[in-house]
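Listed below are the residues making up each chain.
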Amino acid sequence: MAIKKYMVLNVITFALVVALIIFYVIPEWPEEIVISHGLFSVLVTFPLAWIGIVVAGWRVSILSGSGVTLRNGVAVQSVAQLVTLLIPSRLSEVAKPVGLNLVSALPFSRGFTVLAIERIFDAVFLAGLAFAAVAILTGQQRETVQSSGLVLAGIAVTGLLVIGVVLARPAILERLSDRMPAEWLRVQLEHVAGAVSRLASLRTTSVAIGLSAISWLAAYLIFVVFFFVLGTGGLTLGQVLVVFVASTLGLIISVAPGGLGTFEGAIALSLAAFGLPMATAIAMALLLRLCLVIPVIAIASWFLISGDLSLSRILARLRDWRGRNDRGE
């Protein structure tokens, strides 16, 4: 029931946003951005978005193990991103472990560990990008991005240290498992240890890090290509990086589905700080939203139609998980 309430709320929110665009944004659409040209700028970024999804799915399969094929990894990645657009980010994070369990019977604890490793790698790259953006910024924006970068760096360092300790001293988890009062807890720890132990392979770790780098590069290039083709604003590569980092931070801090509002707001404020009129900045933010949403919907829909995953089963599992979580089970 909770999932259905969230989805109804999201439909209402989406309708309000569409109404806002129709009655406010479109009549005030900046003359320097021809809508047809803007849509073409969105279209040319789709290959990069699809590459990013495939690469991220490949990373999922590498970290999960031989039981998860590349096809399954891409399916889980795209559908998990689609779920993020439908329900709040905190709950949607569970969609990836649920998807891995459905397509390959991967235990939930192992799926959550894969997700945690992904987030640690992403924190490393995003922290680096944030510090690179700090060098371009001044004033309040600089302090905000720098603070976010420090937080992300702290998360990344802590996560890497935990992984390093587990890999260097695997007996720690074994001793901890022996002290668990229930067999179920011992099994969960074994699954966690199994997921982390994959990083003991230099090849697996190198490939996972390389795929993470390619994924982040593809995401950044979406912004570069979009602004280059649109040709409005004359932004430098460094300024585009600032907009990209700000939008990504907007996605992270949001509790709304798909970073609704904070993503667009971060882009608009960043562009306005570089001297673009607010109307132009808002129009660009809305177009960039299409760059990210349409490819996800397209790929996820293909996998859902082909039968690799069932959205209803994922949402049902999320509903059950939320119910247990609310009851403290």
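Basis of the calculations
- Residues numbered from 1 in each chain as written.
- Predicted model: local features only at pLDDT ≥ 70, side-chain atom pairs only at ≥ 80, totals over all residues.
- Heavy atoms only, no water.
- Patch = residues over 30% accessible without salt bridge, like charges linked within 9 Å, V, L, I, M, F, W, Y side chains within 5 Å.
- Areas by Shrake-Rupley, 256 points an atom, 1.4 Å probe, with all protein chains shown as cover.
- Salt bridge = Lys/Arg side-chain N within 4 Å of Asp/Glu carboxyl O.
- Helix = DSSP H or I, 4+ residues; strand = E, 2+ residues; numbered from the N terminus.
- Core = buried A, V, L, I, M, F, W, Y, C linked by side-chain atoms within 4.5 Å.
- Buried < 20%, exposed > 50% of the residue type's maximum accessible area, 1.4 Å probe, protein only.
- Phe/Tyr/Trp six-rings, centres within 6.5 Å; stacked < 30°, edge-to-face > 60°.

Novice: Help me out: how do you make sense of a nonpolar patch on the surface in this one?
Specialist: There is a patch of nonpolar side chains on the surface, built from Ile35, Leu39, Leu290 and Ile294 and spanning about 300 Å² of accessible area. Among the elements of the structure, α2 (35-43) and α14 (278-306) are those that each provide at least two residues to the nonpolar patch. Relative to the helices and strands, Ile35 resides in helix α2.

Novice: I'm lost on the nonpolar core in this one. Help?
Specialist: Among soluble globular proteins, nonpolar side chains are generally buried collectively. Counting residues in each nonpolar core, the largest one holds 41 residues, and the members touching the most others are Phe223, Phe226, Phe227, Val245, Ile267, Leu271 and Met284. Where this core is concerned, the elements lending two or more residues are α3 (46-64), α7 (108-134), α8 (139-168), α11 (202-230), α12 (237-253), α13 (262-273) and α14. By residue number, the principal contributor to this core is α11, which donates 8 residues. Core analysis: the next-biggest nonpolar cluster, separate from the first, contains 23 residues, Val94, Ala95, Leu102 and Leu309 among them.

Novice: So what exactly am I meant to see when it comes to the packing of aromatic side chains here?
Specialist: For any pair of aromatic rings, the description consists of the separation of the ring centres together with the inter-plane angle of the planes. Counted by the stated rule, this structure contains 6 aromatic pairs. Where Phe223 meets Phe244, the ring centres are 5.3 Å apart and the plane angle is 75°; that geometry is what we call edge-to-face. Here Phe244 lies in helix α12 and Phe223 lies in helix α11, a separation of 21 residues in the sequence. Taken together, the ring pairs connect Trp216, Tyr220, Phe223 and Phe244 into an aromatic cluster.

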